[in-house]
Amino acid sequence: GQSYAGEELVVSVGGDNLGDGLSVTLHSGIRGGVVKTMRGHTDKVVSVACQGDLIASGSKDLTIRIWSRRSGQRTATLIGCEAPVHGLALQGALLFSGEGGGVGRGAGIARLWSLSTGKSISVFTEHQGAIWSVALEDGVGVSASHDATARVWPTNGSNDSSLGCLH
């Protein structure tokens with residue numbers, strides 16, 4: 001394979017020539033072309049997050065897939081989401097996801113995942129609407145929801161209750 005060291009990459013959803021929304025595409029920020037296309041989701045990809053060699057993609061197929069940026073290969077599929085995954089954030093060995101908005105699924109669920117095991121560590125269920133965005137920082141995850149709140153969650157796995165709520 002070619003090396004893209006030192007080249008700025010742009011990650012997009014459905015940015016290949018198929019345009020079906022089922023893929024995650026890496027584009028060269030220097031040359032402007034498609035570098036790699038990663039396929040495997042069975043429904044539209046609606047969120048991506050990047051950290052080092054890792055790319056995480058969340059989909060309406062209720063899965064999160066982890067990809068290697070260098071090889072373009074899927075390294076894991078995280079299963080257990082109950083609605084489309086609209087928000088993803090990576091930090092170290094943790095992934096934070098936000099979901100909601102599926103048919104008959106108005107409430108949002110945030111999940112904390114271990115990247116080393118591929119298993120959910122914590123499930124946060126206090127939102128009354130779909131979660132559209134998440135962030136992950138030292139010791140906390142933050143989720144923003146259609147219920148017009150943002151909630152702060154612990155990432156140490158000891159508690160599934162929010163630490164605070166912003167209205």
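Here is what the cut-offs are and how they apply
Residues numbered from 1 in each chain as written. Predicted model: local features only at pLDDT ≥ 70, side-chain atom pairs only at ≥ 80, totals over all residues. Heavy atoms only, no water. Helix = DSSP H or I, 4+ residues; strand = E, 2+ residues; numbered from the N terminus. Contact = heavy atoms within 4.5 Å. Salt bridge = Lys/Arg side-chain N within 4 Å of Asp/Glu carboxyl O. Pairing = 2+ DSSP bridges. Axes fitted to C-alpha atoms, helices over the stretch in contact; angles between N-to-C directions. Buried < 20%, exposed > 50% of the residue type's maximum accessible area, 1.4 Å probe, protein only.

Moving on, we come to the environment of Gly101. Within the secondary structure, Gly101 is located in the loop between β9 (94-99) and β10 (109-114). When neighbours within four sequence positions are excluded, Gly101 is seen to be in contact with Ala83, Pro84 and Ala130.

Another aspect to go through is the pattern of salt bridges. Counted under the stated rule, the structure contains five salt bridges. We note a salt bridge from Arg70 to Asp53, for which the minimum N-O separation is 3.1 Å. With Arg70 in the loop between β6 (63-68) and β7 (74-79) and Asp53 in the loop between β4 (45-51) and β5 (54-59), this residue pair connects regions lying 17 residues apart in the sequence. One continuous salt-bridge network, built from bridges that share partners, spans Glu82, Glu99 and Arg111.

Further remarks concern the sheet that holds strand β11 (residues 120-124). In space, the four strands of this open sheet follow the order β8-β9-β10-β11, with antiparallel pairing throughout. A single partner strand is all that each edge strand has here, and the edge strands are β8 (85-91) and β11. Within this sheet the neighbouring strands show an average axis-to-axis angle of 15°, counted without direction. Two strands pair when backbone bridges link them, and β10 and β11 are joined in this way by four bridges, in the antiparallel orientation. Bridge pairing links Leu112 to Ser122 in β11.

Glancing now at the side chain of His127. Position of His127 relative to the elements: it lies in the loop between β11 and β12 (131-137). Residue His127 is classed as buried on the basis of its relative accessible area, which comes to 1%. Apart from residues no more than four positions distant in its own chain, His127 is found in contact with Ala107, Gly108, Ser143, Ser145, Asp147, Thr149, Ala150, Arg151 and Trp153.

Coordinates in, geometry out; function isn't part of it.
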